[in-house]
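Now for the letters of each chain:
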Amino acid sequence: MSNVKQRAFLKWAGGKYGLIEPIQKRLPKGKRLVEPFVGAGSVFLNTEFEHYWLNDINQDLIDVYLWLQRDPATYIEAAAGLFIPANNDAERYYQYREEFNCTVPGLRRATLFLYMNRHGYNGLCRYNKKGGFNVPFGRYKRPYFPRNELFAFAQKATRATFTSLPFEQVFATVEQGDVVYCDPPYAPLSATASFTAYAGNGFGLVEQQKLAEQAAMCAEDAVPVLISNHDLESTREWYRRADVTQLDVRRTISRNGKGRGKVSELLALYQLNNRR
């Protein structure tokens, strides 16, 4: 595999581009990589497995990936048409956001998703309780159209299966030969920092604990699972049956560089030979 890292075409809060090397080192060998929370796909793009099962609860995200798998040229050219100087405007952005929220799944909605990702505030992906995308305008000088990154994703997507299922359903059907990597919504650093509106569905304490339980059961069936999360007392407790590695990583969610300090994260590896 090439030593050149491949960037995702989406801006993504919590994206794993900056942690690819430690994740690569901790991922066990296998035929298929299964990602129940694929997000922007940085781990997919920077690993070498024969096959991939890429899942995310966000149907809009998966629809974009399916377009890139089935008809990348049509999708990329349609999306490129939205990346013109006249559309880098707050009023135009909010018109497109309203259109997106009124549009059924299809090519137009999928291209608007990419437009809002690159023109919206800090690349956030957030929905209100009614399912409406509600990220404000980002005010960037010159939003980047990721043509090369889109084609790179499309090329590798020929090896992937895409689904939009609850993570429990993914875990229920993994099999020996699979390796599972999980990048769930992170446990909040404080009581006011919870970020659970990614797909209009909460991912709280019950879901975090359920994920840890599912990972432990998979390992007992000889399917290794690697999980990323914040390094907290709570996550250490949830992952007490795993082999845990601590990492210091730089924040990337703050639009202001002064807010991009370091925070501790962990990688929790569940596999049969864990001594815990």
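Keep in mind it's a predicted model, so treat the numbers as computed, not measured.

Calculation rules
Residue indices follow the written sequence of each chain, beginning from 1 at its first position. Since the coordinates come from a predicted model, pLDDT governs what is reported: local features require at least 70, and pairs of side-chain atoms require 80 or more to be given and counted, while whole-chain, interface and lining totals use all residues. Values shown for side chains rest on all heavy atoms present in the structure; no hydrogens or waters enter the calculation. The cut-offs for exposure are 20% and 50% of the maximum accessible area for each residue type, with area from a 1.4 Å probe on protein chains only; residues under the lower value are buried, those over the upper are exposed, and the others partly exposed. Helix and strand assignments follow DSSP, with helices taken as H or I runs no shorter than four residues and strands as E runs no shorter than two, numbered in order from the N terminus. Any two strands with at least two DSSP-identified bridges between them are counted as paired. UniProt positions are given in the numbering used here, feature names are shortened, and annotations may be inferred rather than shown by experiment. Points on a 1 Å grid over protein atoms alone make up a cavity when a 1.4 Å probe fits among them but cannot get out, and a pocket when they form an open set with protein on both sides within 12 Å along at least five of seven lines; lining residues each have an atom within 4 Å of a point. Salt bridge, as used here: a side-chain nitrogen of Lys or Arg that lies within 4 Å of a carboxyl oxygen of Asp or Glu. Residues enter a nonpolar core if they are buried and are Ala, Val, Leu, Ile, Met, Phe, Trp, Tyr or Cys, with the set joined through side-chain atoms within 4.5 Å. Only a pair of cysteine sulfur atoms within 2.5 Å qualifies as a disulfide here. Taking the helix axis as origin, the arc is that swept by the directions to the C-beta atoms. A contact between two residues is defined here by any heavy atoms of the two lying within 4.5 Å. Pairs were defined over the aromatic rings of Phe, Tyr and Trp, the Trp ring being its six-membered one, requiring ring centres within 6.5 Å. Orientation was assigned from the angle between planes: stacked under 30 degrees, edge-to-face over 60, tilted for the rest. Lysine NZ or arginine CZ positioned within 6 Å of the ring centre and within 35 degrees of the ring normal marks a charge as sitting over the ring. Grid points are joined across faces, edges and corners, and a volume is the space filled by probe spheres set on the points. Amino acids are sorted into nonpolar (Ala, Val, Leu, Ile, Met, Phe, Trp, Tyr, Cys and Pro), charged (Asp, Glu, Lys and Arg) and polar (every other residue, Gly among them). When charges are counted, neither His nor the chain ends are considered; positive counts come from Lys and Arg and negative counts from Asp and Glu.

Draft legend 1. Region of the structure containing the pairing of strand β5 (residues 225-230). For β5, the buried fraction is high: six of the six residues fall into the buried class. Bridging between strand β4 (residues 178-182) and β5 involves three bridges; their strand directions are parallel. Counterpart to Y181 in the pairing with β5 is L226.

Draft legend 2. Structural context of the UniProt feature "binding site: S-adenosyl-L-methionine" (unreviewed entry) in the protein. Mapped onto the present numbering, the UniProt feature "binding site: S-adenosyl-L-methionine" (unreviewed entry) falls at W12, K16, D56 and D183. As for the annotated residues named above, the ones lining the largest cavity are W12, K16 and D183. Along the chain, W12 falls in the segment before α1 (20-26). Judged by relative accessible area, which is 16%, W12 ranks as buried.

Draft legend 3. Broad picture of the pattern of salt bridges. On inspection of all chains with the given rule, the structure shows 13 salt bridges. Between E48 and K156 there is a salt bridge; the shortest N-O distance is 4.0 Å. Residue E48 is located in the loop between α2 (42-45) and β2 (51-55), and its partner K156 is located in helix α7 (residues 147-156); the two are separated by 108 residues in the primary sequence. By relative accessible area, K156 is classed as buried at 10%. Each of the salt bridges in this network shares a partner with another, and the network as a whole consists of E48, K156 and R159.

Draft legend 4. Inspection of the nonpolar core at higher detail. Y65 and Y75 are the most contacted members of the largest nonpolar core, which totals 61 residues. Per-element accounting of this core gives the leading share, seven residues, to helix α3 (residues 59-70). In terms of nonpolar packing, the next biggest core, distinct from the first, is built from 28 residues, V180, L211, Y239 and Y270 among them.

Draft legend 5. Examining the state of the cysteines more closely. For the structure shown, the criterion picks out zero disulfides. The cysteine C182 is free of any disulfide, with C218 supplying the nearest cysteine sulfur at 8.3 Å. Assessed through its relative accessible area of 0%, C182 is described here as buried.

Draft legend 6. Representation of helix α4 (residues 72-80). Listed in full, the buried residues belonging to α4 are Y75, I76, A79 and A80. Looking straight down α4, one finds its buried side chains confined to an arc of 125°; they lie on one side. Of the surrounding secondary structure, the elements contacted by the buried residues of α4 are α3, α6 (107-119) and α7.

Draft legend 7. Just the packing of aromatic side chains, in detail. All told, the structure shown has 23 aromatic pairs when counted by the stated rule. Ring plane angle 75° and centroid distance 6.4 Å describe the contact between W238 and Y239, whose orientation is recorded as edge-to-face. Residue Y239 is classed as buried on the basis of its relative accessible area, which comes to 0%. In textbook terms, an aromatic cluster arises when at least three aromatic residues are bridged by ring pairs, as seen for F9, F44, F49, Y52, Y65, F153 and F162. Positioned above the aromatic ring of Y17, the side-chain terminus of R7 is 3.9 Å from the ring centre.

Draft legend 8. Highlighting empty space enclosed by the protein. Counted under the stated rule, the structure contains two cavities of 30 Å³ or more. Volume-wise, the largest cavity comes out at about 80 Å³. Looking at the largest cavity, it is lined by 14 residues, and the ones nearest its centre are K16, V38, G41, S42 and D183. Together, D60, D63, P105, G106, R109 and A110 line the second largest cavity. Secondary structure elements with two or more residues in the lining of the second largest cavity: α3 and α6. Looking at the lining of the second largest cavity residue by residue, the classes come out as two nonpolar, one polar and three charged.

Draft legend 9. Looking closely at the side chain of R118. Structurally, the position occupied by R118 is in helix α6. For the buried R118, no salt bridge is present, and the opposite-charge side chain at shortest range is E149, 6.1 Å distant. Not counting the four nearest positions on each side in its chain, R118 is found in contact with A8, F9, L10, K11, F83, Y140, P143, Y144 and P146.

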